[in-house]
Amino acid sequence: MSNARRSERGPMMTGGTPLRSLDEEELLGHIFPAFPPGADLVVAPGDDAAVLRTSDRTIATTDTVVLGRDWLDAWSSGADIGHKVVAQNLADVAAMGGVPTGVLVTLVADPELSLEWVLDHVRGLAEVCTAAGVAVLGGDLSSAPPGVVMVSVTALGRLDGEPVLRSGARPGDVLAVHGSLGLADAGLRLLQADAPDRLPEATERQRRPEPPLAAGPQAAAGGATAMLDVSDGLLRDGGRIARASRVVLDLDLSALVPDVDALADVLGAEQALDCVLAGGEEHSLLATFPAGVLPAGWRAIGTVRAVRDDEAPAILVGGRVVTHTGWDHFRAT
Ligand SMILES: Nc1ncnc2c1ncn2[C@@H]1O[C@H](COP(=O)(O)OP(=O)(O)OP(=O)(O)O)[C@@H](O)[C@H]1O
Ligand SMILES: Cc1ncc(C[n+]2csc(CCOP(=O)(O)O)c2C)c(N)n1
Ligand SMILES: [Mg+2]
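Residues numbered from 1 in each chain as written. Chains lettered and ligands numbered in written order. Predicted model: local features only at pLDDT ≥ 70, side-chain atom pairs only at ≥ 80, totals over all residues. Heavy atoms only, no water.

Now for the domain arrangement of the protein. By the assigned domains, the protein splits into domain 1 (3-158) and domain 2 (174-317). Taken together, the 22 residues of domain 1 in the interface contact 22 residues of domain 2. Roughly 1,900 Å² of surface becomes buried between domain 1 and domain 2 when both sides are summed, with 55% attributable to carbon and sulfur atoms. It is Trp75, His83 and Lys84 in domain 1 that bury the most area against domain 2; as a group they hold 32% of the surface buried on that side. A salt bridge links aspartate 80 to arginine 207; the nearest nitrogen and oxygen atoms lie 3.9 Å apart. Counting only elements with at least two residues in the side of domain 1 that touches domain 2, the list comes to helix H1 (3-8), helix H3 (78-95) and helix H4 (115-132). Of all the elements, H3 adds the most residues to the side of domain 1 that touches domain 2, at eleven residues. Here the residues of the side of domain 1 that touches domain 2 sort into nine nonpolar, seven polar and six charged. (Domains from an automatic or database assignment. Contact = heavy atoms within 4.5 Å. Buried area = accessible area lost by both parts, 1.4 Å probe. Salt bridge = Lys/Arg side-chain N within 4 Å of Asp/Glu carboxyl O. Helix = DSSP H or I, 4+ residues; strand = E, 2+ residues; numbered from the N terminus. Nonpolar A, V, L, I, M, F, W, Y, C, P; charged D, E, K, R; others polar.)

Another aspect to go through is the coordination of the magnesium ion (ligand 3). On the protein side, the magnesium ion (ligand 3) has Asp92 (OD) and Asp229 (OD) as donor atoms, found 1.9 to 2.0 Å from it. Of this pair, aspartate 92 sits in helix H3 while aspartate 229 sits in strand E8 (residues 226-229), placing them 137 residues apart in sequence. (Donors = N, O, S within 2.8 Å, 3.2 Å for Na, K, Ca; no water.)

This paragraph deals with the site of ligand 2. The environment of ligand 2 is formed by 15 residues, the closest being Asp70, Asp232, Glu281, Trp327 and His329. Separating a nitrogen atom of ligand 2 from a backbone N or O atom of aspartate 70 is a distance of 3.0 Å. Taking glutamate 281, its side chain carries an N or O atom lying 2.9 Å from a nitrogen atom of ligand 2. Burial of ligand 2 by the protein amounts to 89% of the accessible area it has alone, namely 520 Å². (Near = heavy atom within 4 Å. Polar contact = N/O pair within 3.5 Å; in protein donor to acceptor, adjacent residues only side chain to side chain. Areas by Shrake-Rupley, 256 points an atom, 1.4 Å probe, with all protein chains shown as cover.)

Take the environment of histidine 30 next. Inspection of the secondary structure assignment puts histidine 30 in helix H2 (residues 24-31). When its relative accessible area of 39% is taken as the criterion, histidine 30 is described as partly exposed. Setting aside residues no more than four positions away along its own chain, histidine 30 makes contact with Leu22, Leu115 and Leu119. (Buried < 20%, exposed > 50% of the residue type's maximum accessible area, 1.4 Å probe, protein only.)

Right under this line is the structure:
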């Protein structure tokens, strides 16, 4: 997005109509019309709870974004945040091998937040839901102390086969990724440096992650033994598969050269590698497959081997331990 478009965007809390000038019913009256109808929705938002027609095994996951921790007003519009919080939840459903069916959305906000921001936000989240065939089941509204805005989404999904866990990787499997690596972190760095236009593809990925939702069930049907979405960085999330499966994942650095090259001109080689290995918020899918069965769209980036007597389960790069940490909400670095 250009700087011109950014400056057109009013700050969330000034200008427009503050939420404090409406009551909850009025606000919901503005919000509900934005939601997609939802073919499997038996009772739509507006009653005590929604009713959804679903499969016998339901996937459930939740993920929250907080102003100042997950986005800044100067970086992202309401629609961007609606897109992002839904996309990152749908990525978790896909990462189990499931198909997302519905979301619940909770908005907790300073009453100074503008109605215009909320309506833009609802439009952004409805767009992603419509594209994915996901129903908005309802949610909750609550007020917050000055400056606080958070949106929490709970997503439900349908599981047609067996879930793909983090614990199923086996020695001899191939480690593969579907989607890009490092773009969202590169975008974060460019936004922090007030240079979003230096690599618009990256800033767009930071604002609006595009998880490969169809690749989740495709991988499950194609024999994936373990899977997750890359939310906290390739090494950190890969380490989760390694520990859950009690194996060693060995990344092949040469397979990551295209990802690094895509960022290196703008960020330099060192930062580019850091983004690819440790960048969060990408929401590409990382999975392991038995050798020889990689489905279309997946690319091999490493191998899985047994843990030797002198080592613990871990993710290595070219056979070596690396110290990139990835994202953590609580640890002070
Ligand atoms: N406050 C909590 N109470 C109960 N369970 C939790 C809580 N926070 C996380 N969990 C559970 O811990 C597991 C890991 O959660 P986490 O949020 O790290 O998932 P993730 O997919 O690795 O990351 P992301 O949040 O980026 O999608 C999940 O099964 C989640 O449901
Ligand atoms: C203002 C601001 N500061 C930092 C970041 C970076 N960031 C936030 S959450 C996260 C990982 C995924 O979190 P979760 O595990 O909750 O999905 C990352 C890399 C940002 N986007 N905005
Ligand atoms: Mg996840």
